Amino acid sequence: MTAASLTVLAPVTGTVVALSDVDDPVFSAGLVGPGTAIAPDSAEGGLVSAPISGTIVKVHPHAFVIKHDSGQAVLVHLGINTVQLAGEGFTLHVAQGDVVHQGTTLVTWDPAAIEEGGRSAVCPVVALEGKPDAVTPLAPVGTWVARGEELLIWE
């Protein structure tokens, strides 16, 4: 199947961070796919929305995967090592199998509380199993993005 061009929106409000700078070897090495990350704003980063339209194929309080009709899937991971929290501090607004549209609120959380607990709140946004050269960033590293703004294009 040939992938179509897919625009991925910022799922949270914050500052764009290079995926290679994420403090997790799986994400920083691009092992699950290329992408970028966002350091969420402590005041406005608590709402997490769908970066693409599609079907929720995996959902955990700290992470979700949405599969687009084209077959492309995007992973959003809320914080690093947040799986250890067993869902505490995260509120899911969707379930596996739900069909969502870009911009739909999927999760609410408190990034400041994550950081106060000694974890990074940075949010990798990954083109699952995408080729490294298939992703073009639209928001450069170090820039501020609001939830729902264009983040990257996946060719």
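Please read these numbers as outputs of a predicted model, since none were measured by experiment.

Visitor: Just checking my understanding: could you explain the sheet that holds strand S9 (residues 99–100) for this structure?
Guide: Strands pair in a sheet through their backbones, by hydrogen bonds, and they do so in one of two ways: parallel or antiparallel. Here we have 8 strands laid out as an open sheet, ordered S9-S5-S6-S7-S11-S3-S2-S13, and antiparallel in their pairing. Two strands in the sheet have a free side with no partner beyond their single neighbour: S9 and strand S13 (144–145). Sheet analysis places strand S3 (residues 35–40) next to strand S11 (residues 123–127), joined by 4 bridges and oriented antiparallel. Considered in S11, the bridge of Ala37 is made with Pro124.

Visitor: Would you take a moment to explain the nonpolar core for this structure?
Guide: A general tendency of soluble globular proteins is for nonpolar side chains to be buried together. The biggest cluster of nonpolar side chains holds 34 residues, and the ones touching the most others in it are Phe64, Ile66, Leu78, Leu106, Trp109 and Leu151. Secondary-structure elements contributing two or more residues to this core are strand S1 (6–9), strand S5 (54–60), strand S6 (63–67), strand S7 (73–77), strand S10 (105–109), S11 and strand S14 (150–154). Once you skip the residues sitting within four places of it in the chain, Leu106 turns out to touch Val48, Ser49, Ala50, Ile56, Phe64, Ile66, Thr91, Leu92, His93, Val94 and Val100. Ranked by size, the runner-up nonpolar core spans 12 residues in total, among them Val22, Leu75, Ile80 and Val122.

Visitor: What's the story with the layout of surface pockets in this structure? I'm lost.
Guide: Over the atoms, a rolling probe the size of a water molecule traces out where space has been left empty. A volume near 160 Å³ is recorded for the second largest pocket. Residue lining of the second largest pocket: Leu19, Pro34, Gly35, Thr36, Pro132, Val135, Thr136, Pro137, Ala139, Pro140, Val141 and Leu152, and that is the complete set. Breaking the lining of the second largest pocket down by element, the ones donating at least two residues are S3 and strand S12 (135–137). With 3 residues, S12 is the largest single contributor of residues to the lining of the second largest pocket. Looking at the lining of the second largest pocket residue by residue, the classes come out as 9 nonpolar, 3 polar and no charged.

Visitor: What am I meant to see in the sheet that holds strand S4 (residues 47–49) here?
Guide: An order of S4-S10-S8 is seen for the 3 strands of this open sheet, with the pairing classed as antiparallel. Two strands bound the open sheet, and with one partner strand each, they are S4 and strand S8 (90–92). If you compare each strand with its neighbour and ignore which way they point, the axes differ by 20° on average.

Visitor: Is there a simple way to explain the UniProt feature "domain: PTS EIIA type-1" (unreviewed entry) in the protein chain in this structure?
Guide: Under the UniProt annotation, "domain: PTS EIIA type-1" (unreviewed entry) lies at residues 24–129. Secondary structure within residues 24–129 divides into 9% helix and 39% strand; the distance between the first and last C-alpha atoms comes to 17 Å.

Visitor: Help me out: how do you make sense of the side chain of His77 in this one?
Guide: Checked against the element boundaries, His77 lands in strand S7. Only 2.7 Å separates the side chain of His77 from the backbone oxygen of Gly79, close enough to count as a polar contact. Discounting chain neighbours no more than four positions away, the residues touching His77 are Phe27, His62, Ala63, Thr82, Val122, Cys123 and Pro124.

Scoring rules and cut-offs
- Residues numbered from 1 in each chain as written.
- Predicted model: local features only at pLDDT ≥ 70, side-chain atom pairs only at ≥ 80, totals over all residues.
- Heavy atoms only, no water.
- Pairing = 2+ DSSP bridges.
- Helix = DSSP H or I, 4+ residues; strand = E, 2+ residues; numbered from the N terminus.
- Core = buried A, V, L, I, M, F, W, Y, C linked by side-chain atoms within 4.5 Å.
- Buried < 20%, exposed > 50% of the residue type's maximum accessible area, 1.4 Å probe, protein only.
- Contact = heavy atoms within 4.5 Å.
- 1 Å grid on protein atoms, 1.4 Å probe; cavity = no way out; pocket = protein on both sides within 12 Å on 5 of 7 lines; lining within 4 Å.
- Points joined across faces, edges and corners; volume = space filled by probe spheres on them.
- Nonpolar A, V, L, I, M, F, W, Y, C, P; charged D, E, K, R; others polar.
- Axes fitted to C-alpha atoms, helices over the stretch in contact; angles between N-to-C directions.
- UniProt positions renumbered as here; feature names shortened; annotations may be inferred.
- Polar contact = N/O pair within 3.5 Å; in protein donor to acceptor, adjacent residues only side chain to side chain.

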